[in-house]
Structures are given as C-alpha cells and as structure tokens.
Amino acid sequence: MAASASSSVNLSIKPTRTSLSWKTHLASTSAFAVSPRLANRHYPRFVIFSMGAKPTVLVAEKLGEAGVNLLKEFADVDCSYNLTPEELCTKISLCDALIVRSGTKVSREVFESSGGRLKVVGRAGVGIDNVDLAAATEHGCLVVNAPTANTVAAAEHGIALLTSMSRNVAQADASVKAGKWLRNKYVGVSLVGKTLAVMGFGKVGSEVARRAKGLGMHVIAHDPYAPADRARALGVELVSFDKAIASADFISLHMPLTPATNKILNDGTFAKMKKGVRIVNVARGGVIDEDALVRALDAGIVAQAALDVFTVEPPKDSKLVLHENVTATPHLGASTMEAQEGVAVEIAEAVVGALNGELAATAVNAPMVPAEVLSELKPFVALAEKLGKLVVQLVAGGSGVKSVTVTYGSARAPDDLDTRLLRAMITKGLIEPISSAFVNFVNADFTAKQRGLRIAEERFLLNGSPESPLEFIQVQISSVTSKFASALSDSGEIRVEGKVKDGIPHLTKVGSFEVDVSLEGSIILCRQVDQPGMIGKVGSILSEGNVNVSFMSVGRIAPRKHAVMAIGVDEQPSKESLKRIGEIPAVEEFVYLKI
Ligand SMILES: NC(=O)C1=CN([C@@H]2O[C@H](COP(=O)(O)OP(=O)(O)OC[C@H]3O[C@@H](n4cnc5c(N)ncnc54)[C@H](O)[C@@H]3O)[C@@H](O)[C@H]2O)C=CC1
Ligand SMILES: O=C(O)C(=O)COP(=O)(O)O
C-alpha cells in the first residue's frame, strides 16, 4: 500500500532506509567548504569544514558588493540579473540557493523546476510577497529575509515623499526644467500640527512616526498587532482603522501585502477619508486599489499621493503614475548605499548559515530558534529524530500510523521550552523511513498534515533543577499493532522513551521495560525469559557474525520473569545471525532496528 497525500489515509509501513539529518540534508548536494573567516566569525558550532565542492548561489538581482564577496568566500556565485521566468526555472536546477530582491517572482514553478536542489531562498529585503511561501515550504526550501537593514532607508524615503509631496517638489522641479517659473501654482501645505495616520506600526512605520513627530505632526497609528506600550513610548496613539483614515490629513502605509491588506484602500475606504487627504505608500502597491485611487484623486477626496510601490512594477501605461497630483518613485525605499550594503551582508550571512545547516534567525517559513537555544537543544534534536525513526520501525507492516503523542519531561516552565524543532525532527524520523518524502524542519508540519499524521504534544512537569531543557522525550503511537509486542504500553500504544546522557541520545524505555542503550548504530531488541547466560548466548552469535556490540542492557519486570534486552550493534547482523538469535529457546520475540 502506498502512502497517500489524503488526510484520511494512513501511512503504510515499508522497509527502512537510512536518512540524513536536517543539517546534512540542507548541505547534502556537496560537502561545503567554508573559509576560516566565516567559520570563526559567524558559524562556530554548525559548520561543515570539509573542503569539497562549493554550493552554487544564484544572485538574481543587484546585491551590495560586501554581500557578494561574503558569498564568494563560501560558494560559487552566479550573478545573473534580469532573467526571464523561463531562464530562472532553467538555471535553478543547478543552484543550492537563490538570492532576490522585490523584482523577481519566486513562483511555485521555480521550486518545482529546482528538482529538490534549491535549499534556501534569500530575500535581500523585508517583503516576501514575491516568494511563494507555501510552495517553498512544501518543497522543504527555507526562505530567509533581511528584515532590519533597510528599515531606516524605507522610513527616510517615506518622509522624503511626505515632505516633497506637500511642497510639490517633483512637479515644481519638472516645471522649472521645462523653462517655467510657476510660484503660485506650487503653493504647498504645511506639515506642522497636521495629523498623520501611520498604517502598520512595525519597524518602518514606527521610524516614520518618530521622524514625523520631529516635524511637529500629530501622529496616530493603526496596527491590530502592535503593542500599545511601544506606540505610547513614541507618543503615538493606536486607533481603529476607521478612526485612523477618517481623522488623518496624511496617511502613510507601512503594512505588509497579505490577503487581509490587499486593496485595503479602496472606493469604500476612500469615501470615509477627510476630503483633501494626502497618501504616501512605501509599503506595497497592492495595498491600494489603484483604479479607486485614480477616482479618489479625480474627485478631490485625495489631494495628492506619493507612491514608491505599484501593483505591477514597473507600472505600464498607468493613469495613476501620470496623474498630476501623484509623485512616483521606482521602488527606491530600500535604495540607499548604506541599506544595500547592510541588506546584502545580512542576507549573505543568513544564506551561508542556512546552507551550513544553521537555523536562521530570519527564517520566514520555519521555526526561528535563537543560537543559544539551538545549542542547548542540539542533543535533544538528535534524540527526537532517532526516537521517531525507532518507534515507527516497531509498527507492524500494514498498520497505519495516524496518531502520535510526544511527551516532553522537563523541569522547565512550558513557556521556556520551544518544542517546534523537536516536533519537526520526530516527524522527520517517523515519516522518512516509511516514505520517499524528503522531510526537514521546514516542511515537517506540512508533510505530517498532508499525510493525515496527527502529532500531539504533552508536557510532563518535573520537579528539580531546570538546568537542562529536557529530562526525557517519550513517543507513543496509538491504534497500531507492533512487530515487537513488548513495545506496547499497558494502555496498548507503542511507546519508546529516551534521554540524553553525556550529550549522547539513549533509548531508556521500550513499552514498560527500562533499558539503556545509546542510539548509535543499530539496535536489537529481544524479549526473553530472564535467566542466566542470555547475554553470553546472544553476544557469541553476534561475535561469530563479526558484529561489534557497542552496548547491552537488560530491563526486567521481576527476576526470572520477562526481560527485554537492548543490544547496540555497529554493523548490520546477517539474516543467519538474526535467525539464530530468534532460535534461542528463551527468546520470545526480537526485532532489529536501524537508527
Ligand atoms: N519601498 C521599499 O523599498 C520598502 C518597502 N518595505 C515594505 O514596508 C512594509 C513594512 O516593513 P517593516 O516595517 O519592515 O515590516 P514589519 O513587519 O516590521 O511591520 C509591518 C507591520 O504591519 C502590521 N500589520 C499587519 N497587518 C496589518 C493590517 N491589516 N493593518 C495594519 N497593520 C498591519 C504588522 O503588525 C507590523 O507591525 C513591508 O510591506 C515591506 O515590504 C520595507 C522596506 C523597503
Ligand atoms: O525590503 C523590501 O520590502 C523592499 O521593498 C525593498 O525592495 P528592494 O530590495 O529594493 O527590491
């Protein structure tokens, strides 16, 4: 039975294959070389140092030189600008990473054309509306952006448009250059004492607000998600959308383009504005219904508009751009020397880090895990994947895996333990051995959902020192039969539990049996009637087959009753050796598990 994408169909069990870790998956096309400078400065813990082939990074739009140089220390860099969509799709299959600005559409076709090679898309800027995030996630491709380096540039451009619009600078300049001297025509309006509504009080919006206060404006803001205290600290009142647009003399747009903000300014909302309002847009063209804006300008509802961004860029035969009360710039918000160098370095670092298997702090479609948290969680990340891999191999063929419960035993308060990465790695461990899917921390949740696999998480709050983030991880699969009945808990679920000891993941419980075997190499689990000589018998069969035993532990319910022996082996035992183990009279059942 093949695994299906339908959410109502179970996962089916098929033979295990070995899989790579998330880190090596990200870096799997080649063994990446990294310069000591990059390694020491940015990526001390997760770098792959081997000096093999370099990854290829396609830079599809102009990027600051410092960023390109940084990339070149690590990768083969192909700077190819102005590619057609078809050319991009052709090139992408040869690239491990792609860097774009706002001018390149990274569509689903791009991800499909990459044939799985594309690991990271770096957006050298803030807005990621030109990247198909759903497609990126489905393909396990990380998307990172550079969210901070152009904030001030965008805010300064907003202020530049606000001031130049109010004094007709662009129109007056064009007229002087045309040989005219029209001092009466270009009388402007003052900013001081006027009300500015900042729509979207994020990084750019709050910097615009700060600067507008300095110009003596009364600043209000609308942002459903912004904390009121941050606004208060700047002397800005957060108000409703309707109040903002109805009371403003100037409106400055600073929200992202999302389905909720698409055409948020339209005929209906223009009708609610003060007659003679002036609008600045340095966010995204799509947040304004451009035809409606033309109508509002013609009707005098909107006296002027200053626009840096357009629904289609560059705009074609646009009535809006040609309108005499419109000032237009060609998406220049982020275009200062300083911002472009900053953005280039920020995105180059994020892309190199991601290719090295780091979890980028600016990930847009994956859990963002700060470096300190990641370093603390690292051994548990390995434990999580191994437990997932192990538990799914205990499911009897033909069973469907639908429902998994993960319990984290921790003395940390729930808020202090971010389990998203652990859940992703358990999911990877669960799915990869039984399907052809490539799973990483980017697409783990998506893949689980697509396969109808429910993963519930529970916390078991322990007393004691919360020094270590976790004491144990337990993974249970319910409503399945097991090929190793001893792995079933009293309540009938397949259950395994593990801990990290001295930095190494250990299996510590199988069903109700306590064991202790390090999760390296492979494992034989064997239930027997507890009696002297069993370890020796199994050990000698393995040694005769030239299989090195790395670990052995026996967990029993009571002396001379049932016991489970867990044996760690470095090599895969032959079929013959496994058969002989099964034939030992006291052995009731056994299973060989690849980790
Ligand atoms: N023209 C240009 O060259 C540049 C444009 N931008 C654009 O400016 C916008 C803002 O950028 P940042 O401030 O860095 O982003 P940000 O994420 O820091 O701020 C966006 C704010 O918008 C708010 N928001 C979301 N939905 C909203 C809604 N329905 N109504 C009101 N507010 C809403 C969010 O809560 C957030 O506080 C983005 O669209 C970005 O792409 C940014 C840099 C340069
Ligand atoms: O960062 C953003 O969101 C921008 O709009 C800047 O776009 P750009 O990188 O200049 O094409």
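None of the values given here were measured: they were computed from a predicted structure. (Residues numbered from 1 in each chain as written. Chains lettered and ligands numbered in written order. Predicted model: local features only at pLDDT ≥ 70, side-chain atom pairs only at ≥ 80, totals over all residues. Heavy atoms only, no water.)

**Digging into the pairing of strand β13 (residues 403–410)**
1) Next: With eight of eight residues buried, β13 lies mostly within the body of the structure.
2) Next: Burial of the side chains of β13 extends over both faces: S403, T405, T407 and G409 are buried on one face and V404, V406, Y408 and S410 on the other.
3) Next: Taken together, the eight bridges between β13 and strand β14 (residues 454–461) define a ladder with parallel strand orientation. Opposite S410, over in β14, you have L461 as the bridge partner.
4) Next: Bridge analysis of β13 against strand β15 (residues 472–478) gives seven bridges, and the strand direction is antiparallel. Bridge pairing in β15 links S403 to S478. (Buried < 20%, exposed > 50% of the residue type's maximum accessible area, 1.4 Å probe, protein only. Helix = DSSP H or I, 4+ residues; strand = E, 2+ residues; numbered from the N terminus. Pairing = 2+ DSSP bridges.)

**Points about the site of ligand 1**
1) Next: Around ligand 1 sit 25 residues, and of these K203, V204, D223, V282 and D308 come closest.
2) Next: At 3.4 Å, a backbone N or O of G202 approaches an oxygen atom of ligand 1.
3) Next: The side chain of D223 places a nitrogen or oxygen atom 2.6 Å from an oxygen atom of ligand 1.
4) Next: Alone, ligand 1 offers 850 Å² of accessible surface; in the complex the protein occludes 87% of this.
5) Next: Residues of the shell around ligand 1, tallied by class, amount to 12 nonpolar, nine polar and four charged. (Near = heavy atom within 4 Å. Polar contact = N/O pair within 3.5 Å; in protein donor to acceptor, adjacent residues only side chain to side chain. Areas by Shrake-Rupley, 256 points an atom, 1.4 Å probe, with all protein chains shown as cover. Nonpolar A, V, L, I, M, F, W, Y, C, P; charged D, E, K, R; others polar.)

**Some details on the packing of helix α7 (residues 151–166) against helix α9 (residues 203–214)**
1) Next: Two elements in contact, α7 and α9, have axes separated by 8 Å at closest approach and are oriented at 50 degrees. The orientation of α7 with respect to α9, classified from their angle, is oblique. Crossing hand, α7 versus α9: right-handed. In this structure, α7 uses T151, V152, A154, A155, E156 and I159 to contact α9, whose residues at the interface are K203, V204, E207, V208, R211 and A212.
2) Next: Looking at side-chain class alone, the contact of α7 with α9 contains seven nonpolar, one polar and four charged residues. (Axes fitted to C-alpha atoms, helices over the stretch in contact; angles between N-to-C directions. Parallel < 35°, antiparallel > 145°, perpendicular 65-115°, else oblique. Left-handed = near helix turned anticlockwise from the far one by under 90°. Contact = heavy atoms within 4.5 Å.)

**Notes on helix α17 (residues 420–431)**
Think of an α-helix as 3.6 residues a turn; residues three or four steps apart then line up on the same face.
1) Next: With 12 residues, α17 extends 16 Å between its outermost C-alpha atoms, agreeing within 8% with the 16 Å of an ideal straight helix rising 1.5 Å per residue.
2) Next: Regarding α17, the residues found buried are L421, L422, R423, A424, M425, I426, T427, K428, G429, L430 and I431. (Expected span 1.5 Å × (residues − 1).)

**With respect to the sheet that holds strand β18 (residues 513–518)**
1) Next: Pairing is mixed in the open sheet, where six strands are placed in the order β14-β13-β15-β16-β17-β18. Two strands bound the open sheet, and with one partner strand each, they are β14 and β18. Sheet twist, expressed as the mean angle between neighbouring strand axes with direction ignored, is 20 degrees.
2) Next: Each of β15, β16 (494–501) and β17 (504–510) is contacted by helix α16 (residues 371–393), which is oriented at about 155 degrees to β16, the strand it contacts most.
3) Next: Of the strands in this sheet, β13, β14 and β15 touch α17, which is tilted by about 140 degrees from β13.

**Some words on the domain arrangement of the chain**
1) Next: Entries for the chain in the domain assignment read domain 1 (56–145 + 341–356), domain 2 (149–328), domain 3 (370–511) and domain 4 (519–594).
2) Next: In this structure, domain 1 and domain 3 have C-alpha centres spaced 32 Å apart.
3) Next: Roughly 510 Å² is buried in total at the junction of domain 1 and domain 3, and carbon and sulfur atoms are behind 72% of that figure.
4) Next: Of all residues in domain 1, T137, E138 and G140 bury the most surface against domain 3, accounting for 70% of the area lost on that side.
5) Next: Where domain 1 meets domain 3, there are zero salt bridges.
6) Next: At the surface where domain 1 touches domain 3, the tally comes to one residue pair in polar contact (both at pLDDT 80 or more).
7) Next: In terms of residue class, the side of domain 1 that touches domain 3 is made up of two nonpolar, three polar and one charged. (Domains from an automatic or database assignment. Buried area = accessible area lost by both parts, 1.4 Å probe. Salt bridge = Lys/Arg side-chain N within 4 Å of Asp/Glu carboxyl O.)

**Thoughts on the pairing of strand β5 (residues 142–145)**
1) Next: The side-chain alternation of β5 yields two buried faces, one formed by L142 and V144 and the other by V143 and N145.
2) Next: As paired elements, strand β4 (residues 120–123) and β5 share four bridges and run parallel to each other. Across the sheet, G122 pairs through a bridge with V144, a residue of β5.
3) Next: Taken together, β4, helix α6 (residues 133–138) and β5 constitute a β-α-β crossover, and its handedness is right-handed. (Right-handed = clockwise from strand over helix to strand, strands pointing away.)

**Things to note about the packing of aromatic side chains**
1) Next: Evaluated as defined, the whole model comprises one aromatic pair.
2) Next: A centroid spacing of 6.1 Å and a plane angle of 45 degrees characterise the contact between F460 and F472, whose relative ring orientation is tilted. Of this pair, F460 sits in strand β14 while F472 is found in strand β15, placing the two residues 12 residues apart along the sequence.
3) Next: Taking relative accessible area as the criterion, F472 reaches 12% and is therefore assigned buried. (Phe/Tyr/Trp six-rings, centres within 6.5 Å; stacked < 30°, edge-to-face > 60°.)

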